[in-house]
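# Descriptive analysis of the structure
The residues making up each chain are set out below.
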Amino acid sequence: MIAPVTVNGVIASIEMIDGEGRKSFLAHGTTKGGWWATQPMPDGDGAGITFWLGEGVGTASSPVQAVPGSFGVAALMDSNLPAVARMLRELYPAADVCVLADLLPNGKPNRYAVAAARAVGGRLFEPDFGPNRQPDQKDTNDLFCLLGPEELARQLANARRVEPETATQTAPQDKKPVTYSLRELMQRQFEDVAFLVFGMLTQGVYILGGKPKVGKSWLSLHLLLCIAYGLRVFGTLPSTKGMALYISLEDHDRRLWKRVKQILRQEPTDDLHFTTLWPRIGQGCVEQLDEWLTDHAGTKLIIIDTLARIKPPRAKNGDIYAEDYAAVSAFKELSERHGITVILVHHLRKAGSDDPTDTLSGTTGLAGGVDGTLILTRKTGSKALTLHRSGRDLIDDEPLTLDWDRESGAWTALDAATAATLDISEAQQPIIDALKAHGYSMSRQEIADSTAKDPESIRKTLYRMVERGILIKSGPRNATRYSIAAHTLPEENKPSCKEGDYSSGGDMETGSSGEKSVSHVSHVSHMSHMSHVSQPELLHVGTMGQGWDKGMSQPKNNESSGLDEVGTYGTHGTTNEQNDSEPDYEDF
C-alpha cells in the first residue's frame, strides 16, 4: 500500500507498507506534522462530523468501516498525533475529534495519544480486548479484526472525553521557578547511578569515536552482544542484561550475518535486533525510535552507526555548533523517557589533540550535547588499542587498554604488563631481542651492531621506546645505555631474587655458586657507567625487584653498586660503612 503524506496542504512524502506491515518513507521527504485521510476532507466547520485520528493507516481506517459517515485521519507516527489533532481542530472547530490510542505493553494508552486528545479537548479511545488480551493486541485495527465492526462501534461510542490543556500546561515557561536551600538539597535521597556497563556506560547519550577501520563497528557488536546475553564487557566489566538494537547504516545484511557468525559463541537470541535502514533526524529518526522502544519494552541499548548517516544536512549559513549540539541532544529526551543508553558512532578528524574528545570530527557541540564519550585509538605500530572514556557520572575515567582478536572478534581488557608486550612494533622487536640476548643492557652502538642497523637510524626508535616505558635509559649523555623495563617482559623471562644468602658470585636464581644463571658480579662491569647516578635515580630504575639480600657485600667509599640483573629489577643502597656492615635495604 502507498499512502501520500500531506504537510500544509502539499504532498511532502509517501509511506509505503508491504504485505507484512513493514513501513518505509520516501527518501528526503518530510513527515513531521504530516497526515493521511481515508477520503477527501469535508467542507465547513465540521459540525456533526467525527474524525477518528490514529497513528497508522489501519488504525484510522477501521472506525470508518464501523461508523458510516465518519472520517479517518492517520498521523503516520505517534509523535505526530498532537500536531495533527491541532490541525483538525483549527480546520474544523465544531467537529468531534476522537484520538485512537495504541496500548502499551502494560495496557496504558500511548502518551502521544493522550496529549493529542488533551490538546484539542477531544475524546480518547482505548480499545478493550478483555482480560485475556495478548501482547500483540494493541490498537483499533486489532480490535476490529478480533471482535468485528459492531463491537468496535459500541466501544467507540463510549470513548471518554479528555479535559483540554490549561494555560499552565501549554506554557510551562510561564511557571514560577522553584528554589530550594542547601539544607533541603542535602536532605534529599537519591538512588546510586545505575550503570549499563559498570565504570563505562550509564543511562544517557554517548559518542563512540575512532578513525576508519580502527574497530568501532566490531566494538559496537561486542557491546550489543554483551547486553543481549548479560556478559561482561571486555571480559571484566559487569553489564545489565536487556534488549538491544543495532542501527548499522554503513553495512548490509550479509556483512552483519558474517560478522555475527564469526564471533557468536551462544545460541541466537531474540534480544538483539538489527536494521540497515533508518530515517534522518528531522525526517522521523527520533519519532520512529520512540515507537520502536514503545513496542520493545526492556530495551537497554541502541547503537547508531554512524552519526553522519542520520544527521540532517547542514543549513546554508547556519550555526554549525548549534546544529551539532541539536543533532546529538535530540536523543536526550528519548533516553530519559525510556531509560536507555544511546551510542552514536562517529569519526575522528585527522589533527591530533592532547584531549581525545577534541579529536571528534565536527564542532565541540557534539561532545557538549552528550553525557559522555568513548574514543578508540591505536598508537602507530602497536597491536593494543586504547579506549578513552569520559562521562558526567564516571568516577574512574582512566583509559582502558584493549586487545582485539580479529579472528574471534573477542575484546579483552589488558593489564599494564600485558599491554606493554603488545605495544612493541615490528621495528622495535629486534631491539628487544638484542637486549634479551646480551644481558638487558646495551649502548646504542652495541644495539646497532647486534641488529645490523645504523646507530642514527635507530635513535628515534630508542627514543620512542623510552618515552612509552618499554625501555629504561640510564647513564651520562656520552655513555647512555638501554635496558628493558620489567613490565615489558613475560614472567618467564624475568630474573628473580629468592630469599637466602648469596655470595658475590652466586646464582641469582638459585642462590648457589653454579654457572647456570648470570651472576651479579658478571654484570658489574657492564653497569660501571652508572656510578654517577644518584640514589633517587637508582630507586626509579629498579622499583620492580627485591634488592640486596643480607650477607651481600657492599661497595666502599660512597660508590654506587651495580644493579642486580642489569638494574632493571633490583635496588641497591649506598653506604660509607665497611663491608661487614648491614646494608641499606628496601624490599620493593
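For the structure, see preceding data.
Below, the structure is looked at part by part. None of the values given here were measured: they were computed from a predicted structure.

The rules behind these values
The residue numbering used here restarts from 1 in each chain and proceeds along that chain's sequence as written. Residues qualify for local features only when their pLDDT is at least 70, as the model is predicted, and side-chain atom pairs are given and counted only at 80 or more; totals for whole chains, interfaces and linings, by contrast, use all residues. To obtain the side-chain values, all non-hydrogen atoms of the structure were used and water was disregarded. Helix and strand assignments come from DSSP, with helices taken as H or I runs of at least 4 residues and strands as E runs of at least 2, each series counted from the N terminus. Only protein chains enter the accessibility calculation, which uses a 1.4 Å probe. A residue is then buried if its area is under 20% of the maximum for its type, exposed if over 50%, and partly exposed in between. Only heavy atoms enter the contact rule, under which two residues are in contact if any of them lie within 4.5 Å. Here the Shrake-Rupley method, with its probe set to 1.4 Å, supplies the accessible areas, and only the displayed protein chains count as covering residues. In this scheme, strands are said to pair when DSSP sees at least two bridges between them. Each axis is a line fitted through C-alpha atoms, taken for helices only over the stretch in contact, and angles between the N-to-C directions span 0 to 180 degrees. For Phe, Tyr and Trp, rings pair up if their centres lie within 6.5 Å, where Trp contributes its six-membered ring, and each pair is then called stacked (planes under 30 degrees apart), edge-to-face (over 60) or tilted (otherwise). Any Lys NZ or Arg CZ found within 6 Å of a ring centre and within 35 degrees of that ring's normal is scored as a charge over the ring. Convention used here: angles under 35 degrees read as roughly parallel, angles over 145 as roughly antiparallel, angles from 65 to 115 as roughly perpendicular, and any remaining angle as oblique. Here a crossing is called left-handed whenever its near helix is offset anticlockwise from the far helix by less than a right angle, and right-handed whenever the offset is clockwise. Any residue that is not Ala, Val, Leu, Ile, Met, Phe, Trp, Tyr, Cys, Pro, Asp, Glu, Lys or Arg is counted as polar, Gly included; the first ten are nonpolar and the last four charged. By definition here, a salt bridge exists when the distance from a side-chain nitrogen of Lys or Arg to a carboxyl oxygen of Asp or Glu is within 4 Å.

### Regarding the overall build of the chain
- The helix and strand tally for the chain stands at 18 helices and 23 strands.
- Going through the 588 residues of the chain one by one, you find that 46% of them count as buried.
- For the chain, the share of sequence-separated contacts (at least 6 apart) that also reach a separation of at least 24 residues comes to 63%.
- Accessible area for the chain stands at about 30,600 Å²; split by element, carbon and sulfur atoms hold 50% of it.

### Some words on the sheet that holds strand β16 (residues 341–347)
- The strand order β14-β13-β15-β16-β12-β17-β18-β19-β20 describes an open sheet built from nine strands, whose pairing is mixed. Edge positions in the sheet fall to β14 (272–275) and β20 (411–413), since each has one partner strand and no second. Strand-to-strand, the axes of this sheet are offset by a mean angle of 20°, without reference to chain direction.
- Pairing analysis gives five bridges linking strand β15 (residues 299–305) to β16, with the strands arranged parallel. Looking at the pairing, Ile303 lines up with Ile343 of β16.

### Observations concerning the sheet that holds strand β6 (residues 71–74)
- In space, the six strands of this open sheet follow the order β4-β6-β5-β7-β8-β9, with mixed pairing throughout. In this open sheet, the two strands that pair with only one neighbour each are β4 (36–37) and β9 (160–161).
- As judged from the two bridges shared by strand β8 (residues 123–125) and β9, these two strands associate in the antiparallel manner. The partner of Leu124 across the bridge, within β9, is Arg160.
- Running over the sheet, helix α2 (residues 81–91) touches β5 (50–54), β6 and β7 (96–100) and is turned about 165° from β5.

### A word on the packing of aromatic side chains
- Applying the stated criterion to the full structure yields seven aromatic pairs.
- Taking 6.4 Å as the distance between ring centres and 20° as the angle between the ring planes, the aromatic pair formed by Tyr321 and Tyr325 counts as stacked. One end of the pair is Tyr321 and the other is Tyr325, both in helix α10 (residues 320–329) and four residues apart, which spans about a single turn.
- Given a relative accessible area of 41%, Tyr321 falls into the partly exposed group.
- Grouped by ring-pair contacts, the aromatic residues Phe51, Phe71 and Tyr92 constitute a single cluster.
- Looking at Arg111, its charged tip hangs above the ring of Tyr112, at a distance of 4.3 Å from the centre.
- Above the plane of the ring of Tyr180 lies Arg188, whose end atom (NZ or CZ) is 5.9 Å from the centre.

### Some points on the packing of α2 against helix α3 (residues 111–120)
- Orientation of α2 relative to α3, taken along the N-to-C sense of each, is 25°, at an axis distance of 8 Å. Classified by the angle between their axes, α2 and α3 sit roughly parallel to one another. For the pair α2 and α3, the crossing hand works out as right-handed. Note on element contacts: α3 touches α2 through Tyr112, Ala113, Ala115, Ala116, Ala119 and Val120, opposite Leu81, Pro82, Ala85, Arg86 and Arg89.
- Taken together, the residues of the contact of α2 with α3 sort by class into nine nonpolar, no polar and two charged.

### Quick word on the packing of helix α1 (residues 57–66) against helix α4 (residues 140–157)
- Interaxial distance between α1 and α4 falls to 9 Å at its minimum, and their mutual angle equals 40°. Relative to α4, α1 is oriented oblique. The crossing of α1 and α4 is right-handed. In this structure, α1 uses Gly58, Thr59, Ser62, Pro63, Gln65 and Ala66 to contact α4, whose residues at the interface are Thr140, Asn141, Phe144, Pro149, Leu152, Ala153 and Leu156.

### Quick notes on the environment of Leu376
- In this fold, Leu376 is placed in strand β17 (residues 372–377).
- For the pair Leu376 and Gly210, spaced 166 residues apart in sequence, the C-alpha to C-alpha distance is 4.9 Å.

### Some words on the pattern of salt bridges
- Across all of its chains, the model carries 19 salt bridges by this definition.
- As a salt-bridge pair, Arg123 and Asp96 come within 2.7 Å of each other at their nearest N and O atoms. Pair noted here: Arg123 is in strand β8 and Asp96 is in strand β7, with a separation of 27 residues, a long-range link.
- By relative accessible area, Asp96 is classed as buried at 17%.

### Observations regarding the pairing of β17
- Across the six residues of β17, five count as buried, placing the element largely inside the fold.
- By the bridge criterion, five bridges tie strand β12 (residues 204–210) to β17 in an arrangement that is parallel. Paired with Gly210 across the two strands is Leu376, which belongs to β17.
- Where β17 meets strand β18 (residues 385–391), six bridges bridge the pair, whose relative direction is antiparallel. Residue Gly372 lies in a different strand from β18, and its bridge partner there is Gly391.

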